[in-house]
Amino acid sequence: MRILFIVNPTAGRGTAAKKLPKLEKLLESKGVDHQLLQTTGPGDAQQFAQERRNDFDLVTVFGGDGTMNEVLNGLVDGSTPMAVMPIGTGNDFVRSARLPMKLEPALDNLLNGKPRICDLGVFNGERHFINVVGIGFDAYANIQSRKIKRLKGTAVYVVAVFKTLRQWSAVPMKIEMDDNEIDDHSYLTCIANGWSVGGGLSLAPDAHLQDGLFDVCHVADISSGKIVWNFPKLTNGKVNDLEEVTIRRSKKVRISSEEPLPMHMDGEIIDGENKVFEVEIIPDGFTIWDGGAGQPS
């Protein structure tokens, strides 16, 4: 099996560059037929995946969720599966898919794995995603996380959330789903294919990567104090206990607002005057690589 590794050396705030020599040593010791390509800027990972996918049996991301999303978009409509060795800050897709988080188990997953079909999301008919789209508070928190330099991992998102609590407030937003409509002030809306966001927090604890539906979490206007008091519910799957939280399931979602809203897709901020969002699920639309070490997603 020939494996292409697409490496983002800046992922995980430089962790990928530090761990790259260890990866190369492991690959050599196991006699893996491979090639490594390192990105130097935005768009490289997608370009590498699209141009080289037919030359390899598997394309592997050595980076975080942003690199993963680029590679995903480079592989869509092809037949080459995607594997992920998570070296990013949040690694939320790997958490949602219940894939190995550490280097050596992740490599074993590559060498002993097999294809696994997942649902795929498409945003405004153009860009694809596999884990979540977040609009409002969590996207703004994601922006804040970029400004935190001294921390790594989930701690970055926790600090960003508490910084955002002092700056963000609910905005009018219309959410149209298959069988439901919400027209209200929204603190945040999360359109989830997978359950994990913000480095292991969960706004849609029952989201499943292969059920043909998004779990749409809407949080109405809520006080900062109530969020702080109930923060553990983001880690224990009880967020739906809050009266401000509504979770519905839908194949299509259209969100509109009179003012631009911050949004992220698989953890990457989408710049621009975002006032209308349309997402649709593509059942069984993408193939990932799974060694079966984790539980079903």
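Residues numbered from 1 in each chain as written. Predicted model: local features only at pLDDT ≥ 70, side-chain atom pairs only at ≥ 80, totals over all residues. Heavy atoms only, no water.

On inspection of all chains with the given rule, the structure shows 11 salt bridges. Between arginine 116 and aspartate 290 there is a salt bridge, with its nearest N and O atoms 2.9 Å apart. Placement of the pair is arginine 116 in strand β5 (residues 114-123) and aspartate 290 in strand β15 (residues 276-290), with a sequence separation of 174 residues. Owing to a relative accessible area of 12%, aspartate 290 belongs among the buried residues under this scheme. Of the charged contacts in the structure, one is a salt bridge between aspartate 215 and arginine 249, with a shortest N-O distance of 3.1 Å. You can see aspartate 215 sitting in strand β10 (residues 214-220) and its partner arginine 249 sitting in strand β11 (residues 245-250), a full 34 residues away along the chain. Residue classification places arginine 249 among the partly exposed residues on the basis of a relative accessible area of 42%. A single network of salt bridges, built from pairs that share partners, joins Glu176, Arg254 and Glu278. (Salt bridge = Lys/Arg side-chain N within 4 Å of Asp/Glu carboxyl O. Helix = DSSP H or I, 4+ residues; strand = E, 2+ residues; numbered from the N terminus. Buried < 20%, exposed > 50% of the residue type's maximum accessible area, 1.4 Å probe, protein only.)

Listed in full, the buried residues belonging to helix α5 (residues 103-112) are Leu103, Ala106, Leu107, Asn109 and Leu110. Within α5, the buried residues cover an arc of 150 degrees as seen down the axis, which keeps them to one side. Taken together, the buried residues of α5 touch β1 (2-7), α1 (15-29), β3 (58-63), β4 (82-86) and β15. (Arc of directions from axis to C-beta. Contact = heavy atoms within 4.5 Å.)

Here we take up empty space enclosed by the protein. Counting across every chain of the model gives 1 cavity of 30 Å³ or more. Space inside the largest cavity adds up to approximately 420 Å³. Lining the largest cavity are 31 residues; nearest its centre among them are Phe137, Asp138, Leu188, Leu203 and Leu234. At the level of elements, α6 (137-145), α7 (154-164), β9 (181-192) and α9 (233-236) are the ones that each hand at least two residues to the lining of the largest cavity. (1 Å grid on protein atoms, 1.4 Å probe; cavity = no way out; pocket = protein on both sides within 12 Å on 5 of 7 lines; lining within 4 Å. Points joined across faces, edges and corners; volume = space filled by probe spheres on them.)

Summarising the element assignment, methionine 82 is placed in strand β4. In this structure, methionine 82 is in contact with Leu58, Val59, Val61, Met68, Val71, Leu72, Leu75, Phe93, Phe286, Thr287, Ile288 and Trp289, ignoring residues within four places of it in sequence.

One can describe the packing of α1 onto α5 by two numbers: an axis separation of 11 Å at closest approach and a directional angle of 40 degrees. Judged on the interaxial angle alone, α5 and α1 are oblique. Our pair here, α1 against α5, has a crossing hand that is right-handed. In this structure, α1 uses Lys22, Leu23, Leu26 and Leu27 to contact α5, whose residues at the interface are Leu103, Glu104 and Leu107. (Axes fitted to C-alpha atoms, helices over the stretch in contact; angles between N-to-C directions. Parallel < 35°, antiparallel > 145°, perpendicular 65-115°, else oblique. Left-handed = near helix turned anticlockwise from the far one by under 90°.)

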